[in-house]
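# Secondary and tertiary structure notes
This is what each chain is made of:
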Amino acid sequence: MDNSSDLKLPQVASDTFSKQKILDNLDEIYYKKLPQANTLKEFYHFVQEIMSNVSLLYKDIECKSGCSRCCKFYGSPHVFDSEWENIKDYVEQNMNEKQKKRVQQKLKESVDSLKQAIEDNVSENTDDNSFGVSSFLLSECPFLYKNMCSIYEARPLMCRVFGNSLVTEPKRQEYKNVLACMEEVQRWKNEYKDKPDEKINLPYKDYLIPFLVKIGKTENYSTIQYLLSEYFNEY
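Structural notes, computed from the coordinates.

Cut-offs and rules
- Residues numbered from 1 in each chain as written.
- Predicted model: local features only at pLDDT ≥ 70, side-chain atom pairs only at ≥ 80, totals over all residues.
- Heavy atoms only, no water.
- Salt bridge = Lys/Arg side-chain N within 4 Å of Asp/Glu carboxyl O.
- Helix = DSSP H or I, 4+ residues; strand = E, 2+ residues; numbered from the N terminus.
- Buried < 20%, exposed > 50% of the residue type's maximum accessible area, 1.4 Å probe, protein only.
- Disulfide = S-S within 2.5 Å.
- Core = buried A, V, L, I, M, F, W, Y, C linked by side-chain atoms within 4.5 Å.
- Axes fitted to C-alpha atoms, helices over the stretch in contact; angles between N-to-C directions.
- Parallel < 35°, antiparallel > 145°, perpendicular 65-115°, else oblique.
- Left-handed = near helix turned anticlockwise from the far one by under 90°.
- Contact = heavy atoms within 4.5 Å.
- Nonpolar A, V, L, I, M, F, W, Y, C, P; charged D, E, K, R; others polar.
- Phe/Tyr/Trp six-rings, centres within 6.5 Å; stacked < 30°, edge-to-face > 60°.
- Lys NZ or Arg CZ within 6 Å of the ring centre and 35° of its normal.

## Regarding the pattern of salt bridges
The tally for this structure, following the rule as stated, stands at eleven salt bridges. For the salt bridge of R187 with E191, the shortest nitrogen-to-oxygen distance reads 3.2 Å. With R187 and E191 both in helix α8 (residues 182-192) and four residues apart, the pair spans about one turn of that helix. Look at E191 and you get partly exposed, because its relative accessible area is 30%. Salt bridges linked by common partners bring E62, R69 and E183 together as one network.

Dropping the structure here:
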C-alpha cells in the first residue's frame, strides 16, 4: 500500500527561508522532482513538499487540522483509479469492522437523501434532478469522523491540495481561481482585490494531475461517494 507518511520531510525553521528561496524550492519540485515520481507514495511526498513550502509563503491560509469545512460541504472529491486502490488498501489494513460500518452508514444516509430528493422531483412532475445530485455530491465525506479524516494518510490528491492551490492557470485575477471553500476564497479576495496584478504562488491543480495519471496509467476517475457505493455493495 502506498503511504506518504513513510517519507519524512526535513524539519526547517520558517525564518531561514526568504520568499525567493521558497519559490526556488517550488520550481525544483515542479520541474525536477515531480517528473521523477514513479509511485503514488513518491508523488504524494512531493505534493506534501509543495504544501509545506506554500505554508511558509502564506501563513494565513485557514486550511489547517480540525477545520474540515471542505469535508463537510464538498465531501465527494474526484478520485483517480490508482488513488482509489490505495484508499481501499488503507481501509482494509487499518479499519476494523465497526469503523467500516460507520463509513457505510454515513454513505447510506447520503444515498437515501439523494433518492428522496429524486422522488420529490418525480412527484412534482419535474425532470430536474440537479438539486438532489448536487446535494449528494456536496454532502459530508463518509470518511470524516469527529472533524478529522479517518483515511488521512491515504487521502486523494484533491483533498491534499484543496485550500492550497489554484484550479488552473487563470486568465483573470488569481484570487478568483483559488480552489477552496467559500470562506477561504473570500479571504483571498479581501487580501488581493486591491492587488489585481500580484501573482499568487499556489500550485495549479491541473498541472499536478498529469503526473498522477502517468503513475496510474489511466485517466479514469470517479467520485468517492460513487466508488464507496460500489465497494459496500460488493463488501
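From this point, things continue past the structure.
## Comments concerning the environment of K189
By secondary structure assignment, the location of K189 is in helix α8. Owing to a relative accessible area of 36%, K189 belongs among the partly exposed residues under this scheme. For the pair K189 and K176, spaced 13 residues apart in sequence, the C-alpha separation works out to 7.2 Å.

## Section: the state of the cysteines
One pass over the structure, following the stated rule, counts zero disulfides. With no disulfide of its own, C63 lies closest to C181 among cysteine sulfurs, the gap being 5.8 Å. Judged by its relative accessible area of 29%, C63 falls in the partly exposed class. With no disulfide partner, C149 has as its closest neighbouring cysteine sulfur the one in C71, 6.4 Å distant.

## Describing the environment of S55
Note on placement: S55 falls in helix α2 (residues 40-57). When its relative accessible area of 38% is taken as the criterion, S55 is described as partly exposed. Between the C-alpha atoms of S55 and L202, which are 147 residues apart in sequence, the distance is 9.8 Å.

## Describing the nonpolar core
The biggest cluster of nonpolar side chains holds 38 residues, and the ones touching the most others in it are L34, F43, I50, Y58, W188 and L202. Counting only elements with at least two residues in this core, the list comes to α1 (19-33), α2, α7 (157-161), β5 (178-179), α8 and α9 (205-216). Among the nonpolar cores identified, the runner-up in size contains 17 residues, and W84, F143, I151 and F232 belong to it.

## A short note on the packing of α1 against α2
Contact geometry of α1 with α2 gives a least axis separation of 10 Å together with a crossing angle of 165 degrees. As the angle between them shows, α1 and α2 are arranged roughly antiparallel. With respect to the hand of their crossing, α1 and α2 are arranged in left-handed fashion. Residues K19, I22, L23, N25, L26, I29, Y30 and K33 of α1 lie in contact with α2, whose contacting residues are F46, E49, I50, N53, L56 and L57. Partitioned by chemical class, the residues of the contact of α1 with α2 number nine nonpolar, two polar and three charged.

## Quick word on the packing of aromatic side chains
Each aromatic ring pair is specified by the distance between its two centres and by the angle formed by the two planes. Taken as a whole, this structure holds ten aromatic pairs when the rule is applied. Pairwise contacts between aromatic rings join Y30, Y31, Y207 and F211 into one cluster. The ring centre of Y44 lies 3.5 Å from the NZ or CZ of R160, which sits over that ring. Seen from the ring of Y192, K195 lies directly overhead, with NZ or CZ sitting 4.6 Å from the centre.

## Side note on unusual backbone geometry
Backbone geometry at S68 places phi at a positive 65 degrees, although glycine is not the residue there. Tracing the sequence through the fold places S68 in the loop between α2 and α3 (69-73). Residue S68 is classed as buried on the basis of its relative accessible area of 7%. Here the phi dihedral of N147 falls at roughly 65 degrees; this positive angle occurs in a residue that is not glycine.

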